[in-house]
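What follows is the residue order along each chain.
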Amino acid sequence: MGLADIPLADLMCRAAERHVLVPAFNVAHLPMVEPIIAAVAELRTFALVEVARPDIEKFGAKSFAAVAEEYRRLADRDVTRLHLDHVPVIDEDGQQVDWRRLIGEALDLGYDSVMIDGSRLPLDENIAATKVVAEMAHPLGRPVEAELGAVLGHEAGPLPPYEELFASGKGFTDPGEAKRFVEESSCDWLSVAVGNIHGAISEAGRDKAKVQARLNLDHLRKLREVTGVPMVLHGGSGIQAEYLRAATQEGIAKINVGTEIRQAYERKLAETDDVAQAQEAVADSMRTLIVETYRTEGSADRLAD
Ligand code: 13P
């Protein structure tokens with residue numbers, strides 16, 4: 001049986017219980033929707049197609065409506081859903097965002113799930129914003145992702161050296177806060193910081209190779225014990241495979257991947273000036289990720305009854 005009729009919230013809970021990793025691929029340029037859907041259908045991997053504000057404003061995804069339209073034109077609902085990634089309350093440039101309007105727009109456009117990112121807020125305000133979004137999305141049967149902790153990397157300016165950041169645990173999601181957050185915010189999935197960082201999106205950094213991040217698995221285990229909801233890793237590009245596999249055993253059910261497939265697209269386009277070849281480069285990089293790194297080939301069958 002296919003997965004098309006199973007609610008996404010149920011599928012993600014199954015993924016967490018069955019230790020299946022669900023990749024969520026960011027659409028940084030509109031023509032990427034096609035190879036993303038084709039590659040996951042070919043490999044029968046259950047995956048999310050996702051778009052975030054920076055994909056629209058800093059890259060070439062055009063608009064939430066354009067991505068939704070392209071998704072609907074091509075979608076294979078047995079292996080995909082459409083997710084709205086990162087709507088921040090305060091963005092990476094320190095600007096206030098009209099998050100209620102953006103989330104409302106995406107829900108009207110039929111996005112299957114949405115993310116509110118209040119991670120730059122104090123805990124109480126993050127809980128309050130997430131609750132508002134849950135009240136908007138849950139009556140429509142759409143799950144809500146939220147974030148607690150600091151997944152750095154989207155901000156302009158240099159990061160501290162990675163190993164220093166990792167060793168200090170600076171910005172890691174606090175287990176006590178995570179427990180309270182999940183109890184009070186009504187979020188369905190929680191994005192956590194345990195050593196993962198975003199690929200750069202500033203003009204200066206966006207073409208650079210990304211650090212090969214590690215994950216603090218002991219810390220993740222503590223989060224798993226207190227949260228009880230599927231957890232999400234942002235900054236998926238470049239995380240070392242052995243850590244990813246272990247993280248899938250410790251409650252990580254979703255991984256967001258942007259930089260790796262965006263750079264594959266942009267490099268090939270710069271080299272050939274041919275969108276079809278750039279699309280094929282996206283599919284190629286996804287095949288490697290799905291088969292070798294995530295080992296999620298056939299995961300749609302593993303999530304079926
Ligand atoms: P990367 O660009 O580092 O893969 O991160 C993507 C992401 O987390 C989008 O939310």
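Provided above is the structure to which this section pertains.
Residues numbered from 1 in each chain as written. Predicted model: local features only at pLDDT ≥ 70, side-chain atom pairs only at ≥ 80, totals over all residues. Heavy atoms only, no water.

With five of five residues buried, strand β4 (residues 113-117) lies mostly within the body of the structure. Neither face of β4 is open: one carries Ser-113, Met-115 and Asp-117, the other Val-114 and Ile-116, and all of them are buried. As paired elements, strand β3 (residues 80-88) and β4 share four bridges and run parallel to each other. Looking at β4, one finds that His-83 is bridged to Ser-113. (Buried < 20%, exposed > 50% of the residue type's maximum accessible area, 1.4 Å probe, protein only. Helix = DSSP H or I, 4+ residues; strand = E, 2+ residues; numbered from the N terminus. Pairing = 2+ DSSP bridges.)

This part is about the site of the ligand. Around the ligand, the surrounding shell holds 14 residues, and the nearest of these are Asp-85, Lys-210, Gly-235, Ser-237 and Thr-259. Between the ligand and the protein, one listed contact pairs an oxygen atom with a backbone N or O atom of Gly-199 at 2.8 Å. Between the ligand and the protein, one listed contact pairs an oxygen atom with a side-chain N or O atom of Lys-210 at 2.7 Å. Against a free-state accessible area of 300 Å², the protein chains account for coverage of 96% of the ligand. Of all the cavities here, the one that holds the ligand is the largest cavity. Mapped onto the shell around the ligand, the elements with two or more residues apiece are β3 and β8 (252-257). Its residues assigned to classes, the shell around the ligand shows one nonpolar, eleven polar and two charged. (Near = heavy atom within 4 Å. Polar contact = N/O pair within 3.5 Å; in protein donor to acceptor, adjacent residues only side chain to side chain. Areas by Shrake-Rupley, 256 points an atom, 1.4 Å probe, with all protein chains shown as cover. 1 Å grid on protein atoms, 1.4 Å probe; cavity = no way out; pocket = protein on both sides within 12 Å on 5 of 7 lines; lining within 4 Å. Sits in = over half its atoms within 2 Å of the grid points. Nonpolar A, V, L, I, M, F, W, Y, C, P; charged D, E, K, R; others polar.)

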